[in-house]
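# Structure at a glance
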Amino acid sequence: MNVPALSLSHFELYVHDVAKMERFYTASLGFVVTDRGVGEGALVFLSRNPDEHHQLVLNPRPSVRAATSPLDHISFRVASLSDLRRFRDALAGSGAQVDPVSHGTSWSIYFRDPEGHRLEIFVDTPWYVHQPCKFKIDLGLSDEGLLAFTKDKVVNMPGYSDMQDWHKRHRSVMD
């Protein structure tokens, strides 16, 4: 099968002490907090690259999967919606259950490998919104239709901006 290129994007880890883990990754490894959820059990998003919203997510929420693995999911980026749809079709053809969603900043498909590990393949949107954010999408829409649907959903969300503006703001923090 001829599949589109994938590039590794980020990992999401389950953690017991999010504050301790945040201190370690920021003080010892130079990561910068780029976003965080609100309230107890909030996710923390970290990056060392101003072009990446996050390279690592710390997830303090208990999970059944956390008992067997510290990993929530591994994420891969593709270049286009067409590439994302090709993976969706290939995975559905193999019997995998595919869950298409948007995080406002991306359009994603989530699925599990044969041993149950959760994977994500995504393509970036042109927008930024505070994370976490997640809503269902229909990849059967045209590119223009999906752009319009997503923008309508995110334009009034907290933190909404063009992703280029978000990158400019975070370059100064990470340089």
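In this text the structure is predicted, and so the values were computed from the model without any measurement.

## Quick look at the nonpolar core
Counting 20 residues, the largest nonpolar core has Leu81, Leu84, Trp107, Ile109, Ile121 and Leu139 as the members making the most contacts within it. Counting residues per element, the ones that place at least two in this core are helix H2 (81-93), strand E7 (106-112), strand E8 (118-124) and helix H3 (143-154). Setting aside residues no more than four positions away along its own chain, Leu84 makes contact with Val78, Trp107, Ser108, Ile109, Ile121, Phe122, Val123 and Leu139. Val15, Tyr25, Leu46 and Leu58 belong to the second largest nonpolar core, which has 8 residues in total.

## Comments concerning the pairing of strand E6 (residues 99-102)
Of the strand pairs in this sheet, E6 and E7 are connected by 4 bridges, and their pairing is antiparallel. Note on E7: the bridge partner recorded for Asp99 is Tyr110. In sequence, E6 turns back onto E7 through a hairpin of 3 residues, with Gly104 there showing a positive phi of about 80°. Relative to strand E10 (residues 135-136), E6 runs antiparallel, the two being bridged by 2 bridges. Its bridge partner lying in E10, Ser102 is registered against Phe135.

## Overview of the environment of Met157
Here Met157 is to be found in the loop between H3 and strand E11 (161-162). With 108 residues separating them along the chain, Met157 and Asn49 place their C-alpha atoms 24 Å apart. Filtering out sequence-adjacent residues up to four positions away, Met157 remains in contact with Val129, Cys133 and Phe135.

## Topic: the packing of aromatic side chains
Counting across every chain of the model gives 4 aromatic pairs. Here Phe24 and Tyr25 contribute two aromatic rings whose centre-to-centre distance is 5.1 Å and whose plane-to-plane angle is 85°, an arrangement assigned as edge-to-face. Under the relative-accessibility criterion, Phe24 is labelled partly exposed at 42%. Residue class for Tyr25 comes out buried when judged on its relative accessible area of 15%. Arranged with centres 5.6 Å apart and planes meeting at 25°, the rings of Tyr128 and Trp166 form a pair that is stacked. With a gap of 38 residues between them, Tyr128 in strand E9 (residues 127-128) and Trp166 in helix H4 (residues 163-174) connect regions that are remote in the sequence. For the pair Tyr128 and Trp166, a shared accessibility class is recorded, and that class is buried. One aromatic cluster is present, formed by Phe24, Tyr25 and Phe31 through successive ring pairs. One residue, Lys134, lies across the ring of Tyr110, its end atom 5.2 Å from the ring centre.

## Notes on H2
The first and last C-alpha atoms of H2 sit 18 Å apart over 13 residues, in line with the 18 Å expected at 1.5 Å per residue. The complete set of buried residues in H2 reads Leu81, Asp83, Leu84, Arg85, Phe87 and Leu91. Immediately downstream of H2, the backbone of Gly95 shows phi near 95°, a positive value.

## Let's talk about the confidence of the model for the chain
Summarising the model, the chain shows a mean pLDDT of 89, and 95% of its residues fall at 70 or more. Confidence scores differ between elements of the chain, with H4 showing the lowest mean pLDDT of 81 and E10 the highest of 98.

## Section: the pattern of salt bridges
Tallying each qualifying case throughout the model produces 7 salt bridges. In this structure, the salt-bridge partner of Glu22 is Arg36, at a minimum N-O distance of 2.9 Å. One end of the pair, Glu22, is in helix H1 (residues 18-28); the other, Arg36, is in strand E2 (residues 32-36), and 14 residues separate them in sequence. Owing to a relative accessible area of 40%, Arg36 belongs among the partly exposed residues under this scheme. Salt bridges here are not isolated pairs; linked through shared partners, they connect Glu52, Arg77 and Asp124.

Calculation notes
- Residues numbered from 1 in each chain as written.
- Predicted model: local features only at pLDDT ≥ 70, side-chain atom pairs only at ≥ 80, totals over all residues.
- Heavy atoms only, no water.
- Core = buried A, V, L, I, M, F, W, Y, C linked by side-chain atoms within 4.5 Å.
- Buried < 20%, exposed > 50% of the residue type's maximum accessible area, 1.4 Å probe, protein only.
- Helix = DSSP H or I, 4+ residues; strand = E, 2+ residues; numbered from the N terminus.
- Contact = heavy atoms within 4.5 Å.
- Pairing = 2+ DSSP bridges.
- Phe/Tyr/Trp six-rings, centres within 6.5 Å; stacked < 30°, edge-to-face > 60°.
- Lys NZ or Arg CZ within 6 Å of the ring centre and 35° of its normal.
- Expected span 1.5 Å × (residues − 1).
- pLDDT = per-residue confidence, 0-100.
- Salt bridge = Lys/Arg side-chain N within 4 Å of Asp/Glu carboxyl O.

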